Amino acid sequence: MAAAAEPTTTVTLQGGYELAEGGRLVGDRYVFVDILSGRLFELRDGAGQVPRQLARLDVPLGAVAPVRHRPDAWIAAAGTGIALLSADGAVEWLDRPEVRTPLPSRMNDGVADPAGRFWAGSMAYDGTPGAGSLYRTDHDGTVVRVLDGLTIVNGPAFTADGRTLYLADTAAGIIHRCRVDPATGDLTGPETFVRFRGEEGSPDGMTVDDEDCLWVAMWGGGAVRRYDPTGRLLHTLTLPAPQPTSVCLHPSDLRILITTAQHGLKDPTPASGAVLSAPAPAKGRDACSWHGEIPASR
């Protein structure tokens, strides 16, 4: 029997982004960031390959999630902390915990969970081992450090019931799995879900599909991988770009969207820094929102 053909990967959005990351679907909008330039973009269904810039900060912008009941507002992992971004471009800081760390550091990837909390990781600029942390932003805007001793925190991803959190430590080559109490946000763990060898690449952005399988962008590995809940590798999608950074599954189409980066590449491919698309065997979910109870006048 002939082997199944590799799904065709296409370029959805050109652009040569230095460090595109954090791709999420919010209704008919695909949003993503270019971390080091501090920019937030959206691409609407039917709009072709013309992204719209929604915000530009003067600090790195790691990821965003929509804010419930506040149209066009976002909660963001940015600079040294967590901020609210308004449609008019205003930035309101909830906390900047990485200011209080001994090394120059910044926030990185982040996501809202099904219970409406926002989770985001950090890293030292020089990649010092153990200098990264995971933070949880609660409904009242309080930012809590829930894990430390990590290095480059990426890809927080939740199962649909909000009880399982997957977390990548990119530099260590490990995907951790934690148990979460949806009522309180309390975290148990972590335990090692998958550990990678150097030649495989490093785990970056992640998402969970409608079959509870985990999809992982493999930085440096030029691929996306899919794992079942036991950690068994189900599928590898080879990409025309060596540095995929995030993965997002469409909730109605059998399609995956993948951000990539050209940061640090001496010889980037034509697809490096683009947003890619490919057929997928499962569906995803719309991005969860942060259920913040902060008055609009704060």
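Relevant structure appears above.
Quick look at the structure, then. (Residues numbered from 1 in each chain as written. Predicted model: local features only at pLDDT ≥ 70, side-chain atom pairs only at ≥ 80, totals over all residues. Heavy atoms only, no water.)

Scanning the chain from terminus to terminus reveals zero helices and 24 strands. In summary, the chain has a C-alpha radius of gyration of 18 Å against a globular reference of 19 Å for 298 residues, a match within 12%. The C-alpha extent of the chain, read off along each of the three principal axes, is 60 × 40 × 40 Å. For the chain, restricting intrachain contacts to residue pairs at least 6 apart in sequence, the fraction spanning at least 24 positions comes to 47%. Of the roughly 12,200 Å² that the chain leaves accessible, carbon and sulfur atoms contribute 50%. A gap of 1 Å separates the mean positions of the 27 positive and 36 negative side-chain charges of the chain. (Helix = DSSP H or I, 4+ residues; strand = E, 2+ residues; numbered from the N terminus. Rg over C-alpha atoms; globule rule 2.2 N^0.38 Å. Contact = heavy atoms within 4.5 Å. Areas by Shrake-Rupley, 256 points an atom, 1.4 Å probe, with all protein chains shown as cover. Lys, Arg positive; Asp, Glu negative; His and termini not counted. Charge placed at Lys NZ, Arg CZ, Asp CG, Glu CD.)

Turning our eyes to something else, we now look at the packing of aromatic side chains. Counted by the stated rule, this structure contains eight aromatic pairs. Three or more aromatic residues joined by ring pairs form one cluster here, namely Tyr17, Tyr30, Phe32 and Phe41. Between the NZ or CZ atom of Arg136 and the centre of the ring of Trp119, over which it lies, the distance is 5.9 Å. (Phe/Tyr/Trp six-rings, centres within 6.5 Å; stacked < 30°, edge-to-face > 60°. Lys NZ or Arg CZ within 6 Å of the ring centre and 35° of its normal.)

Further remarks concern the pairing of strand 12 (residues 132-137). With six of six residues buried, strand 12 lies mostly within the body of the structure. Sheet topology places strand 11 (residues 118-124) next to strand 12; four bridges connect them, and they run antiparallel. Paired with Trp119 across the bridge in strand 12 is Arg136. With five bridges connecting them, strand 12 and strand 13 (residues 143-150) associate as antiparallel partners. Counted as the bridge partner of Arg136 is Val144 from strand 13. Linking two consecutive strands that pair antiparallel, namely strand 12 and strand 13, is a turn of five residues; a positive phi of about 90 degrees is found at Gly141 within it. (Buried < 20%, exposed > 50% of the residue type's maximum accessible area, 1.4 Å probe, protein only. Pairing = 2+ DSSP bridges.)

Strand order in the open sheet formed by four strands is 6-7-8-9, and the pairing between neighbours is antiparallel. The open sheet has two edge strands with one neighbour each: strand 6 (61-66) and strand 9 (91-95). Pairs of neighbouring strands in the sheet enclose a mean axial angle of 30 degrees, with direction left out of account. As judged from the five bridges shared by strand 6 and strand 7 (residues 74-78), these two strands associate in the antiparallel manner. Bridge pairing links Ala63 to Ala77 in strand 7. (Axes fitted to C-alpha atoms, helices over the stretch in contact; angles between N-to-C directions.)

Further remarks concern the sheet that holds strand 11. Sheet architecture is open: four strands sit in the order 10-11-12-13, paired in antiparallel fashion. One side of each edge strand has no neighbouring strand; the edge strands of this open sheet are strand 10 (105-112) and strand 13. Recorded for the sheet is a direction-independent mean angle of 20 degrees between the axes of neighbouring strands. In the sheet, strand 10 pairs with strand 11 via six bridges, with the strands oriented antiparallel. Paired with Gly110 across the two strands is Ala120, which belongs to strand 11.

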